[in-house]
Amino acid sequence: MKIKEIKLEELNPQKFIEEKVKEISSNVGNDLAINALSGGVDSSVVTMLGHKALGERLKTCFINNGLMREGEPERIVTMFKNLGINVEIIDSKDAFFNALRNITDPEEKREAITKAFYKDVFGKLVKNSGAKYLFQGTILTDVDETVAGIKRQHNVFEQLGIDPEETFGYRIIEPLVQLRKPAVREVAKALGLHEEIYNRPPFPGPALAARVIGEVRPERVDTVRKATRIVEEELRDSGAFQYLAILHEDKVTGIRDEKRDFGFQIEVRCWESKDARTGRPTRLPYDTLDRLAERITTEVPDVVSVTYNITTKPPSTIEAI
Ligand code: XMP
């Protein structure tokens, strides 16, 4: 079934909120529902809409998959606590790292994460909580890219002919599936979410695993996590659409303390884009690039090379996997 887009210029955020709250209430009735909050604008909006409609009958979890950025679980949970919404952190690191062991192919990684999330972690959570519905923040761009076979987004099923009820034992409700990102940001604003949420650069569902080329192991995620913090600190005021660090699989020869060092390569990407469908690299000042290289090679253990991506999307994509 073709999804009818609600374009930014047609969107009335207050009306959209009222309609979705009504729709959620009537779909869920007196049952329980559950959702995962990652802190991205999509899952934050879904959390707010769901709680407006269902109150305590919606259980919101932050799945700590071990692939998040520094301090992220605690920061997001505190932010929502301040909005009156309780979020439970579920430590699922082992489930994800076990699922990712020995996998290097990008699409297989995405599939492993999807399976760990929906089957292992959420399958159990839903069973234990008695929820019948899972809310999630799939948007129209996720559906487009998956259906076009560009990248399998972790949260798209029905459009691929997968029946979640049969496969996972619960129904999935996607209140944002008619919107693209700029429209979701308008709804977030209207819901009273913090600017840090609605103006946040996008972050992929598979989290830092989308930025590790080769096997996703805890220590490799740690390397990319440290580089990510530096890139985000340095480029926060760049005005760019999205900026990220990628860990390469191959090591290269470097020199440290006048001795040969065989270390990691980090690639920095910084994008100008409107909706992530196409993009071009930001023409960052050379001083900024210098500072990035200096900080990453001194603050992230074992990194001896930092490169800057100069390719447009297409043929590149925004993330590495
Ligand atoms: P790509 O790498 O496909 O990314 O050019 C396009 C935009 O989507 C984000 N991204 C994802 N978002 N689930 C998401 O919700 C995913 O699996 C996923 N993969 C990529 C990416 O960060 C960029 O903004």
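Formed by 89 residues in total, the largest nonpolar core has its most connected members in Val45 and Phe80. For this core, the element with the highest residue contribution is helix 5 (residues 106-129), accounting for nine residues. Built from parts of two domains, this core gets at least three residues from each of domain 1 (8-198) and domain 2 (212-308). Contact partners of Phe80, with chain neighbours within four places excluded, come to Leu37, Ser44, Thr47, Met48, Ile85, Val87, Leu193 and Ile197.

Attention now moves to the sheet that holds strand 4 (residues 133-135). Spatial strand order, 3-2-1-4-5: five strands in an open sheet with parallel pairing. With one partner strand each, in any of the chains shown, strand 3 (87-91) and strand 5 (171-173) form the two edges of the open sheet. Sheet twist, expressed as the mean angle between neighbouring strand axes with direction ignored, is 30 degrees. Of the pairings in the sheet, the one linking strand 1 (residues 33-36) to strand 2 (residues 58-64) comprises four bridges and is parallel in character. Residue Asn35 lies in a different strand from strand 2, and its bridge partner there is Thr60. Relative to strand 2, helix 2 (residues 41-54) is tilted by about 155 degrees, and along the sheet it contacts strand 1, strand 2 and strand 4. Packing against the sheet, helix 5 makes contact with strand 1, strand 2, strand 3, strand 4 and strand 5, and its axis sits at approximately 145 degrees to strand 1.

Throughout the structure, instances matching the rule amount to 27 salt bridges. Glu70 is the partner of Arg229 in a salt bridge, and the nearest nitrogen-oxygen pair spans 2.9 Å. Taken together, the positions of Arg229 in helix 10 (residues 218-235) and Glu70 in the loop between strand 2 and helix 3 (72-81) put the pair 159 residues apart, joining distant regions of the chain. Residue classification places Arg229 among the partly exposed residues on the basis of a relative accessible area of 29%. Measuring nitrogen to oxygen at the nearest pair gives 3.1 Å for the salt bridge that ties Arg200 to Glu72. Linking Arg200 in the loop between helix 9 (195-198) and helix 10 with Glu72 in helix 3, this pair joins segments that are 128 residues apart in sequence. In this structure, Arg200 and Glu72 share a single accessibility class: buried. Several salt bridges share partner residues, and in doing so they unite Glu70, Arg229, Glu233, Glu234, Arg291, Arg295 and Glu299 into one network.

Another point: the domain arrangement of the chain. Taken as a whole, the chain is organised into domain 1 (8-198) and domain 2 (212-308). Computed over C-alpha atoms, the centres of domain 1 and domain 2 are 28 Å apart. The interface of domain 1 with domain 2 comprises 17 residues on the first partner and 18 residues on the second. Summed over both sides, the interface between domain 1 and domain 2 buries roughly 1,300 Å², with carbon and sulfur atoms accounting for 53% of that surface. Linking domain 1 with domain 2 are two salt bridges, by the criterion used here. Between Arg69 and Glu232 there is a salt bridge, and its shortest N-O distance comes to 2.7 Å. Taken together, the connections running from domain 1 to domain 2 amount to seven residue pairs in polar contact (both at pLDDT 80 or more). Among the secondary structure elements, those contributing two or more residues to the side of domain 1 that touches domain 2 are helix 4 (93-100) and helix 6 (140-147). Broken down by element, the side of domain 1 that touches domain 2 gets its largest block of residues, three residues, from helix 6. Within the side of domain 1 that touches domain 2, the residues separate by chemical class into six nonpolar, four polar and seven charged.

Here is what the cut-offs are and how they apply
Residues numbered from 1 in each chain as written. Predicted model: local features only at pLDDT ≥ 70, side-chain atom pairs only at ≥ 80, totals over all residues. Heavy atoms only, no water. Core = buried A, V, L, I, M, F, W, Y, C linked by side-chain atoms within 4.5 Å. Buried < 20%, exposed > 50% of the residue type's maximum accessible area, 1.4 Å probe, protein only. Helix = DSSP H or I, 4+ residues; strand = E, 2+ residues; numbered from the N terminus. Domains from an automatic or database assignment. Contact = heavy atoms within 4.5 Å. Pairing = 2+ DSSP bridges. Axes fitted to C-alpha atoms, helices over the stretch in contact; angles between N-to-C directions. Salt bridge = Lys/Arg side-chain N within 4 Å of Asp/Glu carboxyl O. Buried area = accessible area lost by both parts, 1.4 Å probe. Polar contact = N/O pair within 3.5 Å; in protein donor to acceptor, adjacent residues only side chain to side chain. Nonpolar A, V, L, I, M, F, W, Y, C, P; charged D, E, K, R; others polar.

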